[in-house]
Amino acid sequence: MRSRTVREFLYENPGRTRYAGGFTRRRFLAATGVTLAVATVGSRALASAAPLADGDTVPALVIGSGYGGAVAALRLAQAGVDVAIVEMGMSWDAPGPDGRVFCPVLKPDGRSYWLRERTDQPVGYFMGGSYNKDIDRYTGVLDSEDFGGIRVYQGRGVGGGSLVNGGMAVTPKRENFAAILPSVNAEEMYSTYYPRANTALGVNHIDKTWFESAECYQFARVGRKHAERSGFGWTFVPNVYDFEYMKKEQAGTATRSALAGEVIYGNNYGKRSLDRTYLGAAAATGKVRISPLHKVTTVTPGAGGYRVEMAQLDSSGKTVAVKNVTAQRVFFAAGSVGTSKLLVAMRATGKLPDLPGAVGQKWGNNGNVMVGRANHMWDGTGSLQSSMPCLGIDNWADPGGPAFAEVAPFPAGLETYVSLYLAITKNPNRAAFSFDSGTGKVNLNWQKSWNQSSINAAKRIFDKINAKEGTIYRTDLFGVTKTWGDDFTYHPLGGCVLNEATDNYGRLHGYPGLYVIDGALIPGNTSVNPFVTITALAERNIERIIADDL
Ligand code: FAE
């Protein structure tokens, strides 16, 4: 069986790096001229330290290795603290039998999804049929977590969402940030923490001259043209994908990743995911060890701090060991959904009974909704499309329905005449997590009907563009006849909101030494793509925690 072979291969080759075929991280950096503010080291260093053992005691334990967790680990380590990161996903640093770490987008295998037998593509239909495929069950890199009213896509692995996301690194307008998190000093964020985050993430800007003629961005130029002709503002969007590397892909002098459609199942080249930035630098301090395929199940007060129980998984998702570790401090960085689920369950089961009622509240989907338009035959979007978006339509100032719509690629490998968009809207609805004692699971009560306000906001842009261009919506991309991709989100936010469920720096009320440091802190919306804000807020909070608590 394919997944078994992959698994065996990974076990047999634990030290292999992502840059298989002699293309090492050092050569990658040299070739691309990347100089990050944080040091970068090989994935080998991330994977080499032994995982946590039953009975271990650690000063600081970080649950999850996405943006919040990576910032916490690096800054704590730099302050001299030994850090253990516990990550339920794999360490994506070894190639499979095909020589690639991540599987091809058009030929997904078990590496694509977290413990599913069939893919669950966000844009899962085309011309009247589903193009999902059967796959082997494996601890793959992308999770589609279904809560009934909404499917939430999340990255699984060392690097969290950075492994699967589109790399769009957007700093929100200051007035929008101030409205979303009024308790945070916006001046400090914009003078110190956003710049710090952008530098450490390796954010870079597209060469605007190159953009105007690059074959792979025809879809973006068409999207821009249509926005302009209907009177909408647009903006280039920075990215953590190395645009200089992408130029070489376009020129045919580097192995294609963005230009091979790679993104939601991982990029084999070109992307500065967290394992190559924050986590690489954290590992290089020698004070951080990462335990992949370890899932935290409970956190409860105990002698010497907190007792953290975790299940060690194999790559079929089976528990192969249960370990208990004592940690003086625990940082919840399991993502908005992961952190909220853990804390809501801990409160309900009496493990952390004094957590406030605000824990589990104010979860939102960042107003996500997707849609496609059918262009005329003379307005093709190109058969070669970069999987990294670089341009957004900015209609946030529209009081009738604020929206920021990224012009998204549809890298099908052939001309489809589709213009695809992911709109971020100001959806006012907020959901809550609750514990079901019958199933032992945590539910999220997001209602599908709540997405109508996002659709309405998106229609204010795309109805107008369709009228101007004489075009129509595609109805075959999100179902057999379904216009709106309104039943999933890429941007889960909230559940443990800053200054409500925690103090103004992420300290959980009632439990000294417990902190939240990820997207759960942000109340449901960031007005743009969220990871730069999650990173900058984590930088702000950890600085204060290190100064005052350690
Ligand atoms: P996250 O990165 O999700 O990390 C949480 C980590 O915790 C994960 O690695 C989990 O496996 C792990 N975990 C969860 N529960 C446990 C547990 N019990 N024990 C141990 N480990 C656990 O959280 N954002 C942008 O700004 N720009 C984009 O272009 C963009 N594109 C996206 C495209 C896709 C397909 C997806 C899925 C997301 C995209 N996002 C984008 C969203 C972005 O990746 C997301 O907001 C951040 O990754 C969230 O960061 P956190 O640190 O909150």
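Residues numbered from 1 in each chain as written. Predicted model: local features only at pLDDT ≥ 70, side-chain atom pairs only at ≥ 80, totals over all residues. Heavy atoms only, no water.

The following threshold applies: UniProt positions are given in the numbering used here, feature names are shortened, and annotations may be inferred rather than shown by experiment.
With an unreviewed UniProt entry as reference, the chain is termed Cholesterol oxidase, source organism Nocardia coubleae. Quoted straight from UniProt, the Pathway (unreviewed entry) entry for the chain says "Steroid metabolism; cholesterol degradation." In the Cofactor (unreviewed entry) part of its UniProt record, the chain is described as follows: "FAD".

1. Concerning the overall build of the chain
Rule in force here: Helix numbers and strand numbers start at the N terminus; a helix is a DSSP run of H or I with at least 4 residues, a strand a run of E with at least 2. For the radius of gyration, the atom set is restricted to C-alpha positions; the globular benchmark scales as 2.2 Å times the number of residues to the power 0.38. Partly exposed residues are those whose accessible area sits between 20% and 50% of the maximum for their type, while under 20% is buried and over 50% is exposed, using a 1.4 Å probe and protein chains only. The contact definition used throughout considers only heavy atoms, calling two residues in contact when any of these lie within 4.5 Å. Using a 1.4 Å probe, the Shrake-Rupley method yields the accessible areas, and only the shown protein chains count as cover for residues.
In terms of regular secondary structure, the chain is built from 13 helices and 23 strands. Whereas a compact globule of 550 residues would reach a radius of gyration of roughly 24 Å, the chain reaches 22 Å, a difference of no more than 12%. Dimensions of the chain along its principal axes, counting C-alpha atoms only, are 70 × 50 × 45 Å. A buried classification covers 62% of the 550 residues belonging to the chain. Once local pairs closer than 6 in sequence are excluded, the contacts in the chain between residues at least 24 apart make up 73%. Of the roughly 19200 Å² of accessible surface on the chain, a fraction of 51% belongs to carbon and sulfur atoms.

2. Details of the packing of helix H6 (residues 186-201) against helix H13 (residues 531-549)
Helices that pack against each other are described as a pair by the angle of their axes relative to one another and the distance between those axes. The following threshold applies: An axis is simply a line fitted to the C-alpha atoms; with a helix, the fit covers only the stretch in contact. Between two such axes, the angle follows the N-to-C directions and lies from 0 to 180 degrees. Working rule for angles: under 35 degrees goes down as roughly parallel, over 145 as roughly antiparallel, 65 to 115 as roughly perpendicular, anything else as oblique. Put simply, a crossing is left-handed when the front helix is turned counterclockwise from the back one by less than a right angle, and right-handed when it is turned clockwise.
Relative to each other, H6 and H13 sit at 115 degrees, their axes nearing to 8 Å. Judged by the inter-axis angle, H6 sits roughly perpendicular to H13. Here the hand of the crossing between H6 and H13 comes out right-handed. Taken together, the residues of H13 that come into contact with H6 (itself represented by Met-189, Tyr-193, Tyr-194, Arg-196, Ala-197, Asn-198 and Leu-201) are Phe-531, Val-532, Thr-533, Thr-535, Ala-536, Leu-537, Glu-539, Arg-540 and Glu-543.

3. What about the environment of Arg-544?
Relative to the assigned elements, Arg-544 resides in helix H13. In sequence terms Arg-544 and Tyr-505 are 39 residues apart; their C-alpha atoms lie 7.2 Å from each other.

4. Let's talk about the packing of helix H8 (residues 218-229) against helix H12 (residues 452-469)
For clarity, the threshold we go by: Put simply, Ala, Val, Leu, Ile, Met, Phe, Trp, Tyr, Cys and Pro go in the nonpolar bin, Asp, Glu, Lys and Arg in the charged bin, and everything else, Gly too, in the polar bin.
Axis separation between H8 and H12 bottoms out at 9 Å; the angle between their running directions is 90 degrees. Classed by the angle they form, the pair H8 and H12 counts as roughly perpendicular. Side by side, H8 and H12 meet where His-226, Ala-227 and Arg-229 of the first sit next to Ile-465, Lys-468 and Glu-469 of the second. Residues of the contact of H8 with H12, tallied by class, amount to 2 nonpolar, 1 polar and 3 charged.

5. Overview of the UniProt feature "domain: Glucose-methanol-choline oxidoreductase C-terminal" (unreviewed entry) in the chain
Within this numbering scheme, the UniProt entry marks residues 488-538 as carrying the feature "domain: Glucose-methanol-choline oxidoreductase C-terminal" (unreviewed entry). The distance from the first to the last C-alpha atom of residues 488-538 is 26 Å, and the span holds 16% helix and 16% strand.

6. Brief notes about the side chain of Asn-375
How we decide: The term polar contact refers here to a pair of N or O atoms within 3.5 Å; inside protein, the definition further demands a hydrogen-donor-capable atom paired with an acceptor-capable atom, and it admits residues adjacent in sequence only when both atoms are side-chain atoms.
Assignment of secondary structure puts Asn-375 in the loop between strand S13 (368-374) and strand S14 (391-394). Taking the relative accessible area as the measure of exposure, Asn-375 reaches 9% and is therefore buried. A polar contact is formed between the side chain of Asn-375 and the side chain of Ser-419, at a distance of 2.9 Å.

7. Focus on empty space enclosed by the protein
Counted only if it meets this: As defined here, a cavity is a set of points on a 1 Å grid over the protein atoms alone where a 1.4 Å probe fits but cannot get out. A pocket is an open set with protein on both sides within 12 Å along at least five of seven lines, and residues line them when an atom is within 4 Å of a point. Grid points are joined across faces, edges and corners, and a volume is the space filled by probe spheres set on the points.
What the rule picks out here adds up to 4 cavities of 30 Å³ or more. By volume, the largest cavity amounts to about 50 Å³. In terms of lining residues, the largest cavity is bounded by Tyr-67, Ser-162, Asn-165, Leu-201, Val-240, Lys-271, Arg-272, Ser-273, Leu-274 and Phe-531. Here the residues of the lining of the largest cavity sort into 5 nonpolar, 3 polar and 2 charged.

8. Details of the pattern of salt bridges
Filter applied, for reference: The rule for a salt bridge is simple: a side-chain nitrogen of Lys or Arg has to be within 4 Å of a carboxyl oxygen of Asp or Glu.
Following the criterion strictly, the structure yields 31 salt bridges and no others. Asp-394 is the partner of Lys-173 in a salt bridge, and the nearest nitrogen-oxygen pair spans 2.5 Å. Highlighted residues: Lys-173 in the loop between strand S6 (151-155) and helix H5 (174-180) and Asp-394 in strand S14, separated in sequence by 221 residues. Classification of Asp-394 as partly exposed rests on a relative accessible area of 23%. Two residues, Asp-548 and Arg-544, come together in a salt bridge whose shortest N-O distance is 3.9 Å. Of the two residues, Asp-548 and Arg-544 both sit in helix H13, 4 residues apart, roughly one turn of that helix. With a relative accessible area of 49%, Asp-548 lands in the partly exposed category. Linked through salt bridges whose partners overlap, the residues forming this network are Asp-503, Arg-507, Arg-544, Asp-548 and Asp-549.

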